[in-house]
Every structure is written in C-alpha cells, then in structure tokens.
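# Analysis of the macromolecular model
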Amino acid sequence: MLRYNSYTSGILLASLLLAVVSCAQEHIQIDTSRHVIISENITDFSSPETKRQPYGAYENAERLNLMNNISSIPEDIITTGKNFFSVQNAALIGIVAGTTSTLYTQDQKLYRVTQNIYTRFEKFRRCTEYGVAFGDGKWQLAGAAVMGFYGYVSNNNRLVKTSFEITEAIVSTGITIQLLKHSIGRESPGSYSRAGGKFHPFPSIHEYSKNQAHYYSFPSGHTATAVTALTVISENYPEVQWIKPASYCAVACLGASLVSKNMHWYSDLPLAAMIGYSFGRTITNRTIAEENESGLKENSVEISLLPALYHRSAGMSLIMSF
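Below is a short write-up of the structure.

The rules behind each value
Residues numbered from 1 in each chain as written. Predicted model: local features only at pLDDT ≥ 70, side-chain atom pairs only at ≥ 80, totals over all residues. Heavy atoms only, no water. Axes fitted to C-alpha atoms, helices over the stretch in contact; angles between N-to-C directions. Helix = DSSP H or I, 4+ residues; strand = E, 2+ residues; numbered from the N terminus. Parallel < 35°, antiparallel > 145°, perpendicular 65-115°, else oblique. Left-handed = near helix turned anticlockwise from the far one by under 90°. Contact = heavy atoms within 4.5 Å. Nonpolar A, V, L, I, M, F, W, Y, C, P; charged D, E, K, R; others polar. Salt bridge = Lys/Arg side-chain N within 4 Å of Asp/Glu carboxyl O. Buried < 20%, exposed > 50% of the residue type's maximum accessible area, 1.4 Å probe, protein only.

Running from N to C, helix α3 (residues 73–84) and helix α7 (residues 157–184) point in directions that differ by 60 degrees, and their axes come no closer than 10 Å. Relative to α7, the element α3 lies oblique. Our pair here, α3 against α7, has a crossing hand that is right-handed. In contact with I73, D76 and I77 of α3, α7 contributes E168, V171, S172, I175 and T176. A per-class count over the contact of α3 with α7 returns four nonpolar, two polar and two charged.

Direction vectors running N to C along helix α9 (residues 221–236) and helix α10 (residues 243–260) enclose 175 degrees, while the axes themselves pass 10 Å from each other. The angle between the axes of α9 and α10 places the two elements in the roughly antiparallel class. Contacts from H222, T223, A226, V227, L230, I233, S234 and E235 of α9 reach α10 at I243, K244, S247, V251, L254 and L258. Taken together, the residues that form the contact of α9 with α10 break down as eight nonpolar, four polar and two charged.

Here we come to the pattern of salt bridges. With the rule as written, the count across this model stands at 10 salt bridges. Measuring nitrogen to oxygen at the nearest pair gives 2.7 Å for the salt bridge that ties R286 to D76. With R286 in helix α11 (residues 269–299) and D76 in helix α3, the pair connects residues that are 210 residues apart, well separated along the chain. For the pair formed by R286 and D76, the shared burial category is buried. A salt bridge links R286 to E168; its shortest N-O distance comes to 2.9 Å. Of this pair, R286 sits in helix α11 while E168 sits in helix α7, and the two are 118 residues apart along the sequence. Judged on exposure class, the residue R286 and its partner E168 are both buried. Several salt bridges share partner residues, and in doing so they unite D76, E168 and R286 into one network.

Below you can see the structure in the form of structure tokens.
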C-alpha cells in the first residue's frame, strides 16, 4: 500500500497548484467595466463549441457558489453520458475501443516489461511514488481547496471558478468510475488469477469491499481523476500554452506508475482518460455558457421604439432597458 509522508504531500500539492497559481498572479485585478453587447454577436449555446470570455472576465462573483457546482453533478453525469455516445464522438470511441482491445492482448507482456524497468532503475521507482499520488483524488481536492482560498483572498474569480469546477469534475468522474468498476470487476495486476486479469462482473458490495484488488482494475480511477482536473485547468486557462503538453507528460507518467505499482493494466487507461476528459469539457462548457448568458442579461442594452397615443396628440416612445 502506498504511504504518504509530509514531504510527499508537499511536493504533490505544489505540482498540482503550479499550473494555475503561476499564471494567476497577473490576473488578480478584475475588469468590472460595463460593455454593450451587440445582438448579432450572441453565441448560440446549442452548438458544441461555446464562445469564451476573455481571461479575467468572470465578473459575477455572486454566481460562484460551490453548492451550485455540487448540485449540478447529476446533470453532469447525464449530459456527459449523452455526449459520450453521440454521433460526433463515434470516431473517438472507435479509437479508444481499438486501443483498449489492442492493449488488452498485450497487457501481460507490457506488465512484465514495466516491472522489469521498475526493478532495475531506482530513479524510475522514485518517480512512480509521486506518479501514483498525482492521480489520488483526495490530494487534488485539497489542491482545489487551496486554489479556491487563494482566489478568494486575491479577488481572482477565475481561480475560484476553476477550483469549484475541479471539485465538481472529480466527484462526477468518481461516481461514474465506481459504477463501472463495480459492474465490470476486473482483477488488478496485484491479484490476478490468469494473464491479463479475470473479469468478475457485478460482485456484491460486501465482496467488493472485502477484496477490492480482485475487482477495481477497469477503468482506472486515478487516470480519470487526473485527466478531468487537468482538463478543467487547461480549459479555464487556454492562453497558457504549456499546460496541455505538461498534462500529457504527467498522465503518461501516472499510467506507467499505476502499472508499476500493480494497480492497473495498460488497457485500463484509455477509457478512463476519455471519461475524465469528457467530464472536464462538459463542466467547463456549461459554466462558460452560463457566464456568457449572465453577461448578456446583466450587461446588454435593449432599445425599443413604440408608437404612443396621448390626449389630443400622438407620438413615438423610446424605451431603453439596461
């Protein structure tokens, strides 16, 4: 069982916060000036792509409420499920299914190769300690809490928003992953009875909790959690170009670490990554749409020109609504 000490915890929290806090310093001052929005520029929120606000434009601090994010979790699961199996995602689903199937046929060989590297190289063993911790949800939730506090004291609404969305995404992803684990019941490399791990679908809750290593392997919760948190960060900070490539490297390290630690097979990773990414995109797209829609309602100007009848006279009335 992986054990954490205070040094490991500090390194983990520092690495999790680096992507956001380092680029948040220059965005502390929020522009609160009003802007007139022309009706022709209104974004169609029914389209998959949502028009983004410029960074630092999250002006509606009263809308930043963690309970709103938590209460949206059932909607997140339903919406993500619908989008996941949409026609637009057919090609991506095919790629994930093909990759998973290919890796499944080679899982035992790849596992032995990774174990050999883990045994021979001490530096690799050290990296796996931090790699596994990187996908542990409790540390990411702790990091999100620190982000939220820092954003609150520095009046950085975007950082607070990112913190709340990370929390929402991790919980939504975690529920989905646990449902799949309890339904599929694949043996992990640390407790397999045949090459590649045997499947025991729908074990009882008592049996699952009694011997989790026999059932929890597919899909990888660590991978899904890491990907969904990194997706939320990258979607909220699109101008920071290095976040995505750094995220890819971190997830690759996490995957190798999970196999090295006998927790997962390589074929457990592709579906988990797609699930995490889907939840991250669903949540950030929804909140960006809400922010844009709120901005239209609060900052738009409507002008109406109507005929008016008075006693013994007639004219026109100009009505302007802010």
